[in-house]
Structures are given as C-alpha cells and as structure tokens.
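Given next are the chains, with one letter for each unit.
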Amino acid sequence: MPWTAVFCPALAYARAMPELPEVETTRRKIEPLLRGKVIERLAHDAPHKYPNTHLAHGKRVRALTRRGKYLLLHLAAADAAETQPHDLELIVHLGMTGGFRLEEGPHTRVTFELEGGERLYFNDPRRFGKVAAVSPGEYASMPTLAAMGPEPLSDDFTEAEFVQAAAGCGAVKVWLLSQKPVSGVGNIYADESLWLSKIHPAQTKLTADEASRLYHAVREVMHEAVERGGSSLGNGVGNYRQHDGEGGGYQTRHHAYGKTGQPCERCGTPIEKIVLGQRGTHFCPACQQVRKADS
DNA sequence: AATCATCCCTGAACGC
DNA sequence: TGCGTTCAGGGATGAT
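Residues numbered from 1 in each chain as written. Chains lettered and ligands numbered in written order. Predicted model: local features only at pLDDT ≥ 70, side-chain atom pairs only at ≥ 80, totals over all residues. Heavy atoms only, no water.

On to the UniProt feature "active site" (unreviewed entry) in chain A, then. As recorded in UniProt, the sites labelled "active site" (unreviewed entry) are P18, E19, K69 and R279. Mapped onto the secondary structure, E19 falls in the loop between α1 (9–12) and α2 (20–34). With sequence-adjacent residues up to four places away left out, E19 is seen in contact with K69, G184, V185, G186, N187, I188 and Y189. You can see K69 is positioned in the loop between β3 (59–67) and β4 (70–77). Among all residues touching K69, those that are not within four sequence positions of it are P18, E19, L20, V23, V92, H93, Q179, G184, V185 and G186. (UniProt positions renumbered as here; feature names shortened; annotations may be inferred. Helix = DSSP H or I, 4+ residues; strand = E, 2+ residues; numbered from the N terminus. Contact = heavy atoms within 4.5 Å.)

Looking now at the nonpolar core. Formed by 27 residues in total, the largest nonpolar core has its most connected members in V172, L176, L206, L214 and V218. The set of elements that each furnish at least two residues to this core consists of α4 (159–166), α5 (172–177), α6 (187–196) and α7 (208–230). No other element matches the eight residues that α7 contributes to this core. Residues in contact with L206, not counting those within four places in the same chain, are A166, A167, C169, V172, I199, A211, L214 and R291. If you look at the next biggest cluster of nonpolar residues, it comprises 25 residues, including I30, A46, A56 and V110. (Core = buried A, V, L, I, M, F, W, Y, C linked by side-chain atoms within 4.5 Å. Buried < 20%, exposed > 50% of the residue type's maximum accessible area, 1.4 Å probe, protein only.)

The local shell around DNA strand C holds 17 residues, among which H93, R126, T144, K273 and R279 are the closest. The contact in question runs from a phosphate oxygen of DNA strand C to an N or O atom on the side chain of K69, over 3.3 Å. R279 has a polar side-chain atom sitting 2.3 Å from a base nitrogen of DNA strand C. For the surface near DNA strand C, the elements supplying multiple residues, two or more each, are α3 (143–146) and β11 (279–283). A breakdown of the residues in the surface near DNA strand C according to their chemical character gives seven nonpolar, five polar and five charged. (Near = heavy atom within 4 Å. Polar contact = N/O pair within 3.5 Å; in protein donor to acceptor, adjacent residues only side chain to side chain. Nonpolar A, V, L, I, M, F, W, Y, C, P; charged D, E, K, R; others polar.)

Before going further, it helps to spend a moment on the protein's contact with DNA strand B. Residues in contact with DNA strand B, as listed here, are K49, H107, P125, R126, R127, F128 and Q278. Within 4 Å of the protein, the atoms of DNA strand B are drawn from sugar and phosphate moieties in a proportion of 50%. Contact between DNA strand B and R127: a phosphate oxygen at 2.8 Å from a side-chain N or O atom of the residue. Q278 is positioned with one of its side-chain polar atoms (N or O) 2.8 Å from a phosphate oxygen of DNA strand B. Across the surface near DNA strand B, the residue classes tally to two nonpolar, two polar and three charged.

This is the structure we're talking about:
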C-alpha cells in the first residue's frame, strides 16, 4: 500500500480484527491528531451509513474515549469554555476492517477535514464500520453500546458479579460475544480466553470455579493484548508496516484461534474448529471439554 | 424477552 | 494461469 497507515488492524495483523486492544491502540494513535482540533467537515457520500455527521461540523474535539470496541469523540462548540461539558459525541466503530490513515486511499469512507487543512481518513474496505453523531450518552440507535458491560480492565469488572451472571449463561462463547458480561471481547480473544481457562466454548451455566478462571483469563488476555498494541506507540505514526512481516516481535501469538489442526500447546491434541453463534470457534477437544450436565 | 438466522461488504484464500 | 466460489465476521435487524 502506497499510503501511510495510522492504524489499520486488518493490515497490521494478517488475521486480527479490531477488538478492544486494537481499538484502544487506535484511540491512542489518533488522539494527538484530533484532540483540541476543530472538525470543519466530515466528508462522505453515504448519509444513511454515517448518520448526522454534519452535526459535528465546526465543533472542537474535547476528548477521545473508548467504550468496548466503540471510539467516542467528545465534541463541543469551538468557542465553548473548557469547563463546559461536551454536547455531541461522534461514535466510531471500526467494524471488521476500519482504520485511520493520513492519506486518502481506495477505501476511504469518511474524510475528517480539520482546521488548518489537516486531513484524517477513515478507511474501511468492507464497510462494516460505523460513524455517527449522537447526543452525549444517547445510544438508543446503538443497542449494543447502550447495553455494554463493564470494561474488562477496570474496577467495575468484578469477579463476584461475573461469577454470578455466568451461573445462568447460555453457550459461554456466545454470551461473551454479546458484550454484556464484559465489553470488548471479540471472536479471537473469546477463543483465547476460553482456551486459557480450559472451558469448552459451548459450555452453559458455568460453575463458580469455571467462571472465576474465565474472569481472570479475560483480564489476562486483554491486558496482554493492550500492552502489546501499546508497545509500538513510540514508533511514530505510520510504522505499522514493520508488523506485517513474519518475524515481527509484536505478532499476536494465539493458542487456539486460527490453529485448526495444529497441536494444542498444552497437551498436543489437534485444535478443532466448530461454528458457534455463526462464528468460527477454535478449541482443544481434550483440554476444553463440555462438563457433564449435573442436576 | 430471549434466541436465532440473515444481512451487510469485499479481499483473500481456495478449487478446479 | 485464471477464473469462479467460498470464507471471514461485529452487530443491527427481523423472525420465531
């Protein structure tokens, strides 16, 4: 690709899609480019796909936050006092292939035209990403965001509540992907967390011990991934290409996801792939067995 | 109300 | 080699 990538998970990692760690890394990368800047215009030709973005015109970016896999740009009038709260939020979801770039490309979907002529391009080949302006906290148009569970690395994510909720869950992987028990877990990290905690992805009604193991696995997997994403922040914008190569030190090291047929790193049994909740699901049939139904 | 299938998209991988 | 087919999936939506 001739143009510079600010961040595009799909390019940075051959098989990775943007989950919480990738979104957090994106947030950190674009924060210095956007914070404090006035958005003169958000240019695109898909008003239905990117609704109400015109409301952001002329507003200043106060802060960039993240909730699960959603990026939230806090916007306020350009001349508003610092102490005044933001009055608009621009929601960005990277979908499967969304990412920001410094140069326009064939898959540029939304152009952020900033004061002083600066540009930031939202790139999204498969168009699963979202950009939308809403009133602060009004997420009725985005039910998943509205019902978003606690951040996995925050104190709001408590073991006690997770264990209690898991006791009544359906297929545990589907439950994890719902974003309700915890936010930001996608297909890859769900498989990895379940492998780490030795729980079958189709297991229902987790015991306290299982739920506890899963709780700590989710935190560990997410923490590690955020750290790894963060490890390249010092390289400067546009250096993600170095991650493409085979020998990249930051390459995601999965244990289950995408390892179909390869020996489990714990026991040597070939990893199996099934479909669960319409998602490819990888697990070790020996380490991760469905618990015999009790009661 | 909760669960499930369908749809949106297009590049990459696959198969003949 | 080349072309047609299949696959990947987050989340909204409609259906059950």
